[in-house]
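Single-letter residue listing:
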Amino acid sequence: MPLLIPGPSSPLLTQRLADVCGYEVAKVGYRVFPDGESYVRVEDDLKGEVAIVIQSCSPPQDKRVIELLQLIDASLRAGASKVIAVVPYFAYSRQDKVFLPHEALTSRIIARVVEAVGASSLITVNVHSELVLSYFERIKALSVNAFPEIANYLASLGLRDPLVLSPDKKRYPDAQRVAELIAGEAAFLEKKRDLETGEVTTEEKALAIEGRDVVIVDDIISTGGTIVNAAKVISKGSPKRIIAACVHGLYVANALEKLAAAGVGEIISTDTVESRTSKVTVAKAIAGAVERLLEG
Ligand code: R5P
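This report concerns the structure included in the present document.

### Focus on the sheet that holds strand β10 (residues 185-188)
And then number 1: With respect to topology, 6 strands assemble into an open sheet ordered β10-β9-β13-β14-β15-β16, the strand pairing being parallel. Each having just a single partner strand, β10 and β16 (278-280) make up the two edges of the open sheet. Averaged over all adjacent pairs, the angle separating strand axes in this sheet is 35°, with direction ignored.
And then number 2: By the bridge criterion, 4 bridges tie strand β9 (residues 163-166) to β10 in an arrangement that is parallel. Across the sheet, residue Val164 finds its bridge partner in β10, namely Ala186.
And then number 3: Against the sheet, helix α6 (residues 172-181) touches β9, β10 and β13 (213-221), its axis set at about 165° to β10.
And then number 4: Packing against the sheet, helix α7 (residues 225-235) makes contact with β9, β13 and β14 (241-249), and its axis sits at approximately 165° to β13.

Here is the structure:
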């Protein structure tokens, strides 16, 4: 039977996956040397079984990526027949293209090292860009969709005449899907990001919002700037409540405080990044993908 190898960033999700799949969790030791280097050892003999490494690569990304590679390597050294890398949040997925000349193509670097260290396949959740998956040339890489689970949670809130809003036209299909699942309406705003400064601006838009619950959905909340801008536009239309729902809640630079100050009354994320807003679990969605990989 496959064994779960818990990464230091995903203890809760590993346990939830164990509960869903019935797989045992292997014993893993971690240490950080005084100079900051990470040490990982798989303490159990994996006896030719499949190892499922679960390690999200949310901040501090660089450390999490190294631990991921160490976990894959250590699992093979501990006798695993193969390793499925479950990376719920795939770091650097926004660096999926060369936007300005001579930039590093970091998501492809990550794909290459994950392959090189010996993973047999990779599962992630709502990868920011499908391009990232195409950078895996030798192994199968797939992304599972957490929005149906988020929609289930939203449906339990008894929302009033919900408007599901994408803060960016690119993410509109996600908003449409969620709106469909909760019998709401979908809309989008237009957002622009300055490639040099990273500054985000959102255009004003007249939407029928008065008295309604507005749910802003996005894949990632990082600094919160995108959602704060959207909340400012929405607030002008006198909504009943503003809710922000994302898959990956990174919350850097006091994002949660900024969201609250912008009038966001509830923040929902999944356990791809474990935090106090992780109200939705992706364990079942990942378990389904693991099963499909094991069967195929
Ligand atoms: C961008 O394309 C993503 O979908 C998110 O909107 C973005 O990463 C959110 O970042 P922040 O919270 O810093 O605005």
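From this point on, the discussion continues.
### Quick notes on the nonpolar core
And then number 1: Formed by 41 residues in total, the largest nonpolar core has its most connected members in Ile52, Ile123, Val144, Leu154 and Ile286.
And then number 2: Considering every element that reaches this core, the biggest residue donor is helix α9 (residues 283-295), with 7 residues.
And then number 3: No fewer than three residues from each of domain 1 (3-145 + 281-295) and domain 2 (147-271) sit in this core.
And then number 4: In this structure Leu154 touches Leu159, Val178, Ile182, Val215, Ile243 and Ile268, once residues within four positions along its chain are discounted.
And then number 5: Judged by nonpolar contacts, the second largest core, of 40 residues, contains Ala80, Leu105, Leu133 and Val273.

### So, the sheet that holds strand β5 (residues 50-54)
And then number 1: Pairing in this open sheet of 6 strands is parallel, and the strands run β2-β1-β5-β6-β7-β8 from one edge to the other. Bordering the open sheet on either side are β2 (24-25) and β8 (140-144), each of which pairs with just one other strand.
And then number 2: With 4 bridges connecting them, strand β6 (residues 82-87) and strand β7 (residues 121-125) associate as parallel partners. In the strand pairing of β7, Ala85 is matched with Leu122.
And then number 3: With respect to the sheet, helix α2 (residues 61-77) is in contact with β1 (3-6), β5 and β6, its orientation differing from that of β6 by roughly 160°.
And then number 4: Packing against the sheet, α9 makes contact with β5, β6, β7 and β8, and its axis sits at approximately 155° to β8.

Conventions adopted
- Residues numbered from 1 in each chain as written.
- Predicted model: local features only at pLDDT ≥ 70, side-chain atom pairs only at ≥ 80, totals over all residues.
- Heavy atoms only, no water.
- Pairing = 2+ DSSP bridges.
- Helix = DSSP H or I, 4+ residues; strand = E, 2+ residues; numbered from the N terminus.
- Axes fitted to C-alpha atoms, helices over the stretch in contact; angles between N-to-C directions.
- Contact = heavy atoms within 4.5 Å.
- Core = buried A, V, L, I, M, F, W, Y, C linked by side-chain atoms within 4.5 Å.
- Buried < 20%, exposed > 50% of the residue type's maximum accessible area, 1.4 Å probe, protein only.
- Domains from an automatic or database assignment.

Bear in mind that shape data such as this cannot, by itself, settle questions of function.
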